[in-house]
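Residue-level listing of the chains:
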Amino acid sequence: MKTKRQIQKEATRKLILDTAYQVYADEGFAATTNKIAKAANVSHGTIFVHFPTVECLIICLLERFGSEINEHLHILSEKDENLETFLAAHINVLIRYEDFYKRLISEINSLPQEAKYVFINIQSVVSFHLNQVIEREKDKIAIKDIPMHIIFNSWLGLIHYYLTNNYLFTVGSVLTEHKDELILNYIKLIEK
Amino acid sequence: MKTCIACGMPMKKESDFAMGDTSKDYCVYCANSDGTMQSFEEKKQSLINFTIKTQGLDQSVAEKAVENMMRQLPAWKECF
Ligand SMILES: [Zn+2]
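These numbers come from a predicted model, not from an experiment. (Residues numbered from 1 in each chain as written. Chains lettered and ligands numbered in written order. Predicted model: local features only at pLDDT ≥ 70, side-chain atom pairs only at ≥ 80, totals over all residues. Heavy atoms only, no water.)

Visitor: Please clarify how the side chain of K102 of chain A should be interpreted in this entry.
Guide: All names here are of chain A. The topology assignment puts K102 in helix α6 (residues 98-107). There is a polar contact of 2.9 Å between the side chain of K102 and the side chain of N166. Ignoring sequence-local partners within four residues, the contact set of K102 consists of L163 and N166. (Helix = DSSP H or I, 4+ residues; strand = E, 2+ residues; numbered from the N terminus. Polar contact = N/O pair within 3.5 Å; in protein donor to acceptor, adjacent residues only side chain to side chain. Contact = heavy atoms within 4.5 Å.)

This is the structure:
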């Protein structure tokens, strides 16, 4: 049994993470912990009780984000998915986190080294599923003779380009509006 | 939902578990053919190879990313 104090502590930790997620999504990772504290309605010191450094906060947030993506993709992959439905599932998951993810991919190079590793591992989950789907689909559709990492990086490159240059394509959610077009044409590119 | 102690994969359906045994704490990808869990070195090597194959990473980057991930997992706590 958790004590009342433990429950309270966990709730505050979650509140800080949820708020940091929103603040970073809105303003980018340069947003201060002061700002996060204010938005969460906790004292500045409280943040550091839970996360000794800003790096810890960011890494913890990315890890939580990664396991959420992991879970979503895993649940979706249970259905008998094909290439098209998998790519749609990936985009749908990203749409849920679109603003945050956009910040993440635009600012990843300036984040701490450990955050970069967490980011790689987030992508590993996606590449794991894509690799499985490609292996499974091989008999059904003819995929060009391209190495797996180029297949994966081309997909990621495509959606990351649209995300980081959202303004070129729409004022709304670029993934929502261009999802079908991107999936359809990406498949055409890798299909024999 | 249970997650694999050795790689972090969520395990939901029977076929996710080693030998289809839902009482196991590790997944089908972390098991040897006899059902035992892969060793730290085996798992690390296979994850590094997989990361390079599917993402094209530089060897040293892949090694660090994999170590970073394994460090968080319950199965390998003592290996770091
Ligand atoms: Zn596993």
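What follows continues from the structure just given.
Visitor: Even after reading the chapter, I still don't get the coordination of the zinc ion, so can you show me in this structure?
Guide: Between any two of four tetrahedral donors, the ideal angle at the metal is 109.5 degrees; between two of six octahedral donors, it is 90 or 180 degrees. Residue and element names in this part refer to chain B. Listed as protein donors to the zinc ion are C4 (SG), C7 (SG), C27 (SG) and C30 (SG); their distances from the metal cover 2.3 Å. For the zinc ion, the four donor atoms in the first shell make angles of 106 to 116° at the metal, a pattern classed as tetrahedral. In the primary structure, the donors to the zinc ion are separated according to the pattern C-x2-C-x19-C-x2-C. With C4 in the loop between β1 (2-3) and β2 (10-11) and C30 in the loop between β2 and α1 (40-55), this pair connects stretches of sequence that are 26 residues apart. Judged by relative accessible area, which is 1%, C4 ranks as buried. (Donors = N, O, S within 2.8 Å, 3.2 Å for Na, K, Ca; no water. Tetrahedral: all angles 85-135°; square planar, octahedral: opposite > 155°, others 65-115°. Buried < 20%, exposed > 50% of the residue type's maximum accessible area, 1.4 Å probe, protein only.)

Visitor: What am I meant to see in α6 of chain A here?
Guide: At 3.6 residues per turn, the α-helix brings residues three or four places apart onto the same side. The buried fraction of α6 of chain A is high, at seven of 10 residues. By the burial criterion, the buried members of α6 of chain A are E98, F100, Y101, K102, L104, I105 and E107 of chain A.

Visitor: Mind showing me how you'd approach the packing of aromatic side chains here?
Guide: Between two aromatic rings, the relevant description is the distance of the centres plus the angle of the planes. Residue and element names in this part refer to chain A. Scanning the entire structure with this criterion turns up 15 aromatic pairs over all chains. An angle of 15° between the planes, with centres 4.0 Å apart, marks the rings of Y162 and F169 as stacked. Look at F169 and you get partly exposed, because its relative accessible area is 27%. Chaining the aromatic ring pairs together yields one cluster made of Y21, Y24, F29, F65, Y97, F100 and Y101. (Phe/Tyr/Trp six-rings, centres within 6.5 Å; stacked < 30°, edge-to-face > 60°.)

Visitor: Quick question: what am I supposed to make of the nonpolar core here?
Guide: It is characteristic of soluble globular proteins that their nonpolar side chains tend to be buried jointly. All names here are of chain A. Membership of the largest hydrophobic core comes to 64 residues, with the highest contact counts inside it found for Y24, L83, L87, F100, L104 and L130. Among the secondary structure elements, those contributing two or more residues to this core are α1 (4-27), α2 (33-40), α4 (54-78), α5 (83-96), α6, α7 (113-137), α8 (148-164) and α10 (174-190). When residues are assigned to domains, this core turns out to be shared by domain 1 (1-51) and domain 2 (62-190), each giving three or more. Ignoring any residue separated from it by four or fewer positions in sequence, one finds L83 in contact with L130, V133, I134, E137, I141, I143, I187 and I190. (Core = buried A, V, L, I, M, F, W, Y, C linked by side-chain atoms within 4.5 Å. Domains from an automatic or database assignment.)

Visitor: Quick question: what am I supposed to make of unusual backbone geometry here?
Guide: Where the residue is not glycine, phi is negative for most of them; where a peptide bond is considered, it is trans in most cases. Phi at N41 of chain A is positive, roughly 65°, even though this residue is not glycine. Structurally, the position occupied by N41 of chain A is in the loop between α2 and α3 (44-50). By relative accessible area, which is 72% here, N41 of chain A ends up exposed. Phi angles above zero are rare outside glycine, and M19 of chain B is one such case at about 55°. When you line up the elements, M19 of chain B lands in the loop between β2 and α1.

Visitor: Is there a simple way to explain α8 of chain A in this structure?
Guide: Taking 1.5 Å per residue as the helical rise, α8 of chain A with its 17 residues ought to reach 24 Å, and the 24 Å between its terminal C-alpha atoms agrees with that figure. Buried within α8 of chain A are the following residues: M148, I151, F152, W155, L156, I159, H160, Y162 and L163 of chain A. Within α8 of chain A, the buried residues cover an arc of 165° as seen down the axis, which keeps them to one side. Where α8 of chain A is buried, its residues contact α5, α6, α7, α9 (166-169) and α10 of chain A together with α1 of chain B. (Expected span 1.5 Å × (residues − 1). Arc of directions from axis to C-beta.)

Visitor: Whenever I open this one, the interface of chain A and chain B confuses me. Can you help?
Guide: Across the boundary between the two partners, chain A contributes 21 residues, which contact 22 residues of chain B. Buried area between chain A and chain B, summed over both chains or domains, comes out near 1900 Å², and the portion from carbon and sulfur atoms is 57%. At the boundary of chain A with chain B, the tally comes to 10 residue pairs in polar contact (both at pLDDT 80 or more). Only α4, α7 and α8 of chain A provide two or more residues apiece to the side of chain A that touches chain B. (Buried area = accessible area lost by both parts, 1.4 Å probe.)

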